[in-house]
Each structure stands twice: as structure tokens, then as C-alpha cells.
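# Observations on chain architecture
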Amino acid sequence: MEVKKSCHDADHDLHKHMPIDTPVDYPKENEAEFEYRTLMNKWWFAAAVSIPTILVSYPDWFPLIKDWLPMESTALWWSRVIVAILTIPVLAWSGRQFFTGMWEGLKHRSANMHTLISTGVSAAWIYSIIALFWPEWFPDQAMAEVYYDVTTVVTALVVLGMAMEVKAKGRSSEAIKKLIGLQPKTAHVIRNDQEMEILVEDIVIGDIVVVKPGEKLAIDGVVVEGWIEGRHTLFGNLRLMKKEGIPLEVWQDYAARLADEGKTPMFLAVDGMPAGILAVADTLKEDSAEAICQMKKMGLEVVMITGDNERTAKAIAKQVGIDRLLADVLPQDKAENVRKLQAEGKKVAMVGDGINDAPALTQADIGIAIGTGTDVAIEASDITLIKGSLKGVVYAIQISRATMRNVYQNLFGAFIYNMLGLPVALGILYPFLGVLLSPLIAAAAMAFSSVTVIANANRLRRFKPKEV
């Protein structure tokens, strides 16, 4: 406990004597950069092994190698044995993620990209081992070819693609970090009758936060101006008033009218008696109703979860065309309400922008944060919308559906190539038709398969969501 207290005191003193605007750099390496460098190291290793592998696999293609390692020579056989050994660390290290990814897919009874790659490179390696050590097993010696180049080249190219993907994602994360950096890092508070500037993370419950003209609101909370000296005051919603036993009969009709207008009544009580009422309302964006209408046309059920009372919530829901709502939900209960929706068998996408939304965003199958919201909500989400419009949700779903269609098309195309090409490559037609698949044709077909997949995926760059 003494160590913990000393560490806390040291940290407090550090912040106290450090200038407010001094950036604090922690010695934690960026995970995306580490993953990128790891993948690039794997790529360089696989690419380096690929060079001698190709030379030994196809010596007839290279005049100098052809003279050094003639076909059927002992030197060529031993060279291929060495290559067989060199390809093992390529599979075990450079291609490790393919096998672990395949295993994860098999545990969930599903196939993925890793299943394709791991199956392909493993089949090529096993086939080459058999062709090298037990060529007599083949009905024709022409079938006893080695394809170690497939093992190394395919692994290298796919790992390079993964590295490029990680790099692209890292750039997107940097953009989000810059957005978060636009939020205020400090705030002015009143403590001991003195105004002071502190870090946002140092604000505690009960602090009076001063927001000056032109400044951004640093935190979520209730803003109260002025204090009634020497008297017990209470300010809050209907739930708080009922909890404290404040009689509100005098305000009931007025509060109901405000709620019907989509406003949340907030009450002021002084010395246990009602003293005033204040209406609080979120301004609906002009395009919200249109965006929700488009979501419903897409076959989505839109549900509103709010802390507002049911009467106010119904008024707002009516304005934007929402049929189902969950009102009077406390901040800590939002995640539980998401769980209840999931228990109904629904896939839930949660849209939120506040600190109180973070647990629900994490609980949802897909968390969507509004870019203008708090950094806690953005951190807890899967998708961050740059703008504050609900149209962004519609566009995100359109892009998601287009992407998944593209993925299914690519998987279908890749499986078709493998389903048609692999049996022929294994010689299944040879006993009946005498047909063998030339390595050149196999390489061309594989390259064409990759080109097809990449070209189809690149169509997404030209995808434009339908205007809402």
C-alpha cells in the first residue's frame, strides 16, 4: 500500500509541476507499427527463400542453372532437399498466421481466407515431398514434379498484402487520433473559491467547470449557473424529485406539455419545495428523420434507447419515425438493454456519442460512434463516423453490404479455381484421359485467380453510396 501511495504521489507531483500543454510520451510501441514490421520481416524472409526455390524448381528456365543442375542429376536432387528444408521455416514462421487462422475457423466450423492459403501451400509442400522422396508412387514420372515455389511465393505475396492492409489501417487510426486531438485536453474549474486550469482526466465529481466563450465543453454533465447561499437546493429530473420526496403537483400539467413537445423537464427545488422548472431538449438534425426512414427501407428495425421520460421519448420518436423505444433508461443500464435486444435473436448495431454510451457500444455486435462525440465512445466503438449525421450510419451499412458482397464473390471465385484446378494438378484425370496440368498453366491460372480477386476488390474504390 505504501508503494502504491508513493507511486500515486509521484504521479501527482509530476502532473502538478509539468506545464499543462506538455505532451506526455509513454514508452509503449504502436501495436499497428509493430505488426507491420513483423509482417514485413516475414515477407523479406519468404521472398529471400523464394529466389533459390524458383531456381531449383525450374532449372530449365535459367541457362546458367540448367548447366549447373541438369535434370535427373544428383546435384539437383540434393538442391531440392535443401530447398525442402528451407521452406519449413517459411511455413512455420512467415505463414504461421494462416494455420492459426484456419484452426480458429475450423473450431467455429467455418472456412476463411486462411483456410484457402494454408490448404494450398500445405498441399504443394506435401506433394513436393512425395515427388522428391517417393517418385515411384506416381503412375508417370512426369507427374513427380516439385512445387516448393508455390509454398514460398504464395506465402510471401499474401504476407505482403497483409502488411499493406495493416499499414492502411494504421493511417486510418492516425486520422481518428487527430480527430480526438481536437477535443479539449484541459478545463477550468473552481476549487477552494479559486479558478484553476487542470487536465480533463483530473476532473472529479463535484467540480464546478467553467466554460469560457469560444471554449469547448470538456465533459458531459449538468451546467448550473449561480448558487443560492445558505439554502438546500436540488436540481434534476422527475426521477430525482420523486426519490427526494419533492411534491410536483403544481408543475405536472406544465411538465406534461413540455414532454409532449419533445423536451425533458428539469426541476429546481429549494428547501424541499418546488421552485422552478427548466426544459432541456436535444435539437433534432434536419436529416435524422430521412436517415431513419432509409434505414427502415433497408429492412432494419430502429430502436431508440434514451434516459428521457417515456412521454418525451414518444414525442421525439414520433418526429423521426421510430416505432420502438426504450425510455427512462439509466446510463448504466444501456448495455443491459442492448443485451435484451440480442437475446431476442437480433444483431444489434449501437450508435452513440457520449461517455455513458461506451458500455453499450462495446456490448453491441457493432458499435458506431459519432465522430463529434467523446473519445471514450470512439475508443469503445468498431466504426467511427467523421460527421455527426445519422446519414453516416446509412452510408456505412451500404458500404458494409457492398464489401461483404465483394468478399463472397472473391471467395466463390477462389474456391472455384481451386476446386477445378487442384484435382487436375493432382493428376485425377491422368488415368482416364492422360491429362496433366503443366506447372506453367497452373502458375498462370493461379496468377489470373489473384488478379481476378484483386480487380474485383478494387471495384469498391469506385463505390458510391446512394444519396439519402
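Report on the accompanying structure. Just so you know, these numbers come straight off a predicted model, no measurement behind them. (Residues numbered from 1 in each chain as written. Predicted model: local features only at pLDDT ≥ 70, side-chain atom pairs only at ≥ 80, totals over all residues. Heavy atoms only, no water.)

### Some points on the packing of helix 5 (residues 96-107) against helix 6 (residues 113-133)
Orientation of helix 5 relative to helix 6, taken along the N-to-C sense of each, is 120°, at an axis distance of 8 Å. Relative to helix 6, the element helix 5 is oriented oblique. In this structure, helix 5 crosses over helix 6, and the sense of that crossing is left-handed. For the pair formed by helix 5 and helix 6, the contact residues are Q97, F98, F99, G101 and M102 on the first element and H114, T115, I117, S118, T119, V121 and S122 on the second. (Axes fitted to C-alpha atoms, helices over the stretch in contact; angles between N-to-C directions. Helix = DSSP H or I, 4+ residues; strand = E, 2+ residues; numbered from the N terminus. Parallel < 35°, antiparallel > 145°, perpendicular 65-115°, else oblique. Left-handed = near helix turned anticlockwise from the far one by under 90°. Contact = heavy atoms within 4.5 Å.)

### With respect to a nonpolar patch on the surface
Taken together, the side chains of W77, W78, F133, W134 and W137 present a nonpolar region at the surface, about 590 Å² in accessible area. Its place among the elements puts W77 in helix 4 (residues 74-94). (Patch = residues over 30% accessible without salt bridge, like charges linked within 9 Å, V, L, I, M, F, W, Y side chains within 5 Å. Areas by Shrake-Rupley, 256 points an atom, 1.4 Å probe, with all protein chains shown as cover. Salt bridge = Lys/Arg side-chain N within 4 Å of Asp/Glu carboxyl O.)

### As for the sheet that holds strand 9 (residues 349-352)
Read across the open sheet, the 3 strands follow the order 9-10-11; overall the sheet is parallel. Two strands bound the open sheet, and with one partner strand each, they are strand 9 and strand 11 (383-385). The average angle at which neighbouring strand axes cross in this sheet is 20°, direction not considered. Pairing analysis gives 3 bridges linking strand 10 (residues 366-370) to strand 11, with the strands arranged parallel. (Pairing = 2+ DSSP bridges.)

### Topic: the nonpolar core
Of all hydrophobic cores here, the largest spans 19 residues; its most connected members are M304, I322, L385 and V393. For this core, the elements supplying multiple residues, two or more each, are helix 10 (288-297), helix 11 (310-320), strand 10 and helix 15 (391-425). With residues up to four places along the chain from it excluded, the contact list for M304 reads A313, I316, A317, I322, R324, L325 and L326. Counting residues in each nonpolar core, the second largest holds 17 residues, with V49, F98, I117 and V154 among its members. (Core = buried A, V, L, I, M, F, W, Y, C linked by side-chain atoms within 4.5 Å. Buried < 20%, exposed > 50% of the residue type's maximum accessible area, 1.4 Å probe, protein only.)

### Here we look at unusual backbone geometry
Positioned with a positive phi, R109 is a non-glycine residue whose angle comes to about 55°. Of note, R109 is situated in the loop between helix 5 and helix 6. For R109, a relative accessible area of 83% translates into the label exposed. Positive phi values are uncommon outside glycine, yet D193 reaches one of about 65°. Tracing the chain through its elements places D193 in the loop between strand 1 (186-191) and strand 2 (194-199).

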